Amino acid sequence: MDDALGLAAHPPADDHTDSPQGGVGPAAARALLRRLAEDQSGNRVPSIVAGIVRDGSLAWFGARGHLDDGTAPTPATRYRLGSITKSLVAVLVMRLRDEGRLDLLDPVGKHLPEAPDGEVTIAQLLSHTGGLSAEPPTAWWERTPGLPADGLLARLSSGDLKHRPGRRYHYSNIGFALLGELAARLRGVPWLSAVREEILQPLGMDATVERPEPPHATGYAVHPYADVVLREPEHDAGAMGPAGQLWSSAADLARWAAFVAGDTGGVLSAGTLAEMREPATVDDGDAWTSGYGLGMQLTRHAGRRLAGHTGSMPGFLATVWADPAERVGVLYLANVTSGVSRSLPLDLLDILAEHEPRLPEQWRPTPADPELLALTGVWHWGPSPYVLRLLPDRVLSLAPMNGAGRASRFAPREDGTWVGLEGYYAGETLRAAPDHLDINTFVFTRTPYDPDAPVPGGVDGWRHTSG
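Throughout, a residue's number is its position along its own chain's written sequence, starting from 1. Local features are withheld for residues below a pLDDT of 70 in this predicted model, meaning they are given only at 70 or higher, and side-chain atom pairs are given and counted only at 80 or more; totals for whole chains, interfaces and linings count all residues. Neither water nor hydrogens contribute to the side-chain values; these are computed over all heavy atoms in the structure.

(A) Molecular detail of the pattern of salt bridges. For this document, the term salt bridge refers to a Lys or Arg side-chain nitrogen within 4 Å of an Asp or Glu carboxyl oxygen. For the coordinates displayed, the defined rule picks out 23 salt bridges. Between E326 and R304 there is a salt bridge, and its shortest N-O distance comes to 3.3 Å. A residue pair is termed long-range when its members are at least 10 positions apart, and E326 in the loop between β12 (316-323) and β13 (328-334) and R304 in strand β11 (residues 304-313) qualify at 22 residues. Taking the shortest distance from any N to any O, the salt bridge between R463 and D460 comes out at 3.5 Å. Each member of the pair, R463 as well as D460, carries the same accessibility label: exposed. Linked through salt bridges whose partners overlap, the residues forming this network are R95, E99, R187 and E198. Only runs of H or I of at least four residues qualify as helices and only runs of E of at least two qualify as strands under DSSP, and these elements are numbered from the N terminus. When a residue's accessible area, from a 1.4 Å probe over protein chains only, is under 20% of the maximum for its type it is buried; when over 50% it is exposed; and in between it is partly exposed.

Okay, structure coming up:
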């Protein structure tokens, strides 16, 4: 066939939707497939697959369109991931951090002496706040064979620093090329070998590969004004590979969504994964709806806080989002350069929530340490009342009684203190005594400014006048 004219003539593939055992019900499955079909037909996508992940498993799979041989894509069909690759590289970097091989505050030049602007930190590269140019000083890297690492490093210069490091969010593919090379040098093997051994194999993601292997989709661009397609090129991106090289299947991407939602399979600690999902920078102002953590994109939608990543390469689009709070995820993979609705994965989550909302966990009484139980109730920060509650696993929750003020949960430490988990008190220490709480020098008392508690500055009693 002539790729500039259209796909080879094949009968259209049958509608395909598959709800695995324990998956979504028929009404939800039909609504999900309808939404997917709307996007494939309305946006003229050669083929697209999507999935819903619940509690660590692929609960629904849908496919529309057909591959070059006229068959429908399956959960095993490989598509290019694009920038979802970055999240796997970021996990490798965080493993190195947890092993003590690097610190996130290290300047990249400590590990890559040839890197220009070597004072940019590893954390800034992970969060796209290093100020580096978005693209490398080469030909259009997504459509041409890539350079080896030494060749790319030789082309970089101070001119590739576009913003003061730490000043703002500026997406940088170069930054992840540097991170991939940094990890390769610390591991002593190519970055992909380390990703395969330390991440893909432990998670069972055996279909995730560097270059297209059967079964795989072919990447196409669709003509904007006619129903014909053009085959897009595919190359080894070389040193830019960590920014977008990998191919994967819906089944593997479902396992990755489960990972992002918290099923780490021992690859990372829960705390490190949570750190990656924390917003390091935002992309749209104070009331943020989209941002970036450490190697992960973030978005807020319909009360959810989602983490994951989007991806695009010539001929391919992909997205994966996960909601750790509800252990649910969504994904799609398509072999088209542009056209899939940005709202598609979020719409699929909305459909799932409408048809099969997750029920809250049943409440059950749990044992309580009598000493901790005695701490619960009302405390005062000066004249302002706060309520201390005891949560499972000896976690304490302190929140203002009237809803306005600083609230946080505090996790227990082995030394008998607690550490703040969020808000103003994140990382700060709480010490508890029968008559007062001390949170990083702020003293809370049972009554407003209790004269019998160690309130700094002294307390000389309440009066009926201000004189």
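(B) Here's a closer look at the nonpolar core. Among the nonpolar cores identified, the biggest contains 81 residues, and L126, I199, W256 and F259 are the most heavily contacted of them. Non-local contacts of L126, meaning those with residues more than four positions away in its chain, are made with A90, V93, M94, L104, F176, L179, Y292, G293, L294 and G295. Take the buried residues of types Ala, Val, Leu, Ile, Met, Phe, Trp, Tyr and Cys, join any two whose side-chain atoms come within 4.5 Å, and each joined set is a nonpolar core. Membership of the second largest hydrophobic core comes to 28 residues, among which are A59, L344, L349 and I351. A contact between two residues is defined here by any heavy atoms of the two lying within 4.5 Å.

(C) Highlighting the sheet that holds strand β17 (residues 408-412). Only strands that DSSP links by at least two bridges are regarded as paired with each other. Ordered in space as β14-β15-β16-β17-β18-β19-β20-β21, the eight strands form a closed barrel in which the pairing is antiparallel. Direction aside, the axes of adjacent strands within the sheet are offset by 30° on average. As defined by bridge partners, strand β19 (residues 429-433) adjoins strand β20 (residues 436-439) across four bridges and the pair is classed as antiparallel. Residue pairing in the sheet places A432 in a bridge with L437 of β20. All axes are obtained by fitting lines to C-alpha atoms, using only the stretch in contact for helices, and the reported angles, taken between N-to-C directions, cover 0 to 180 degrees.

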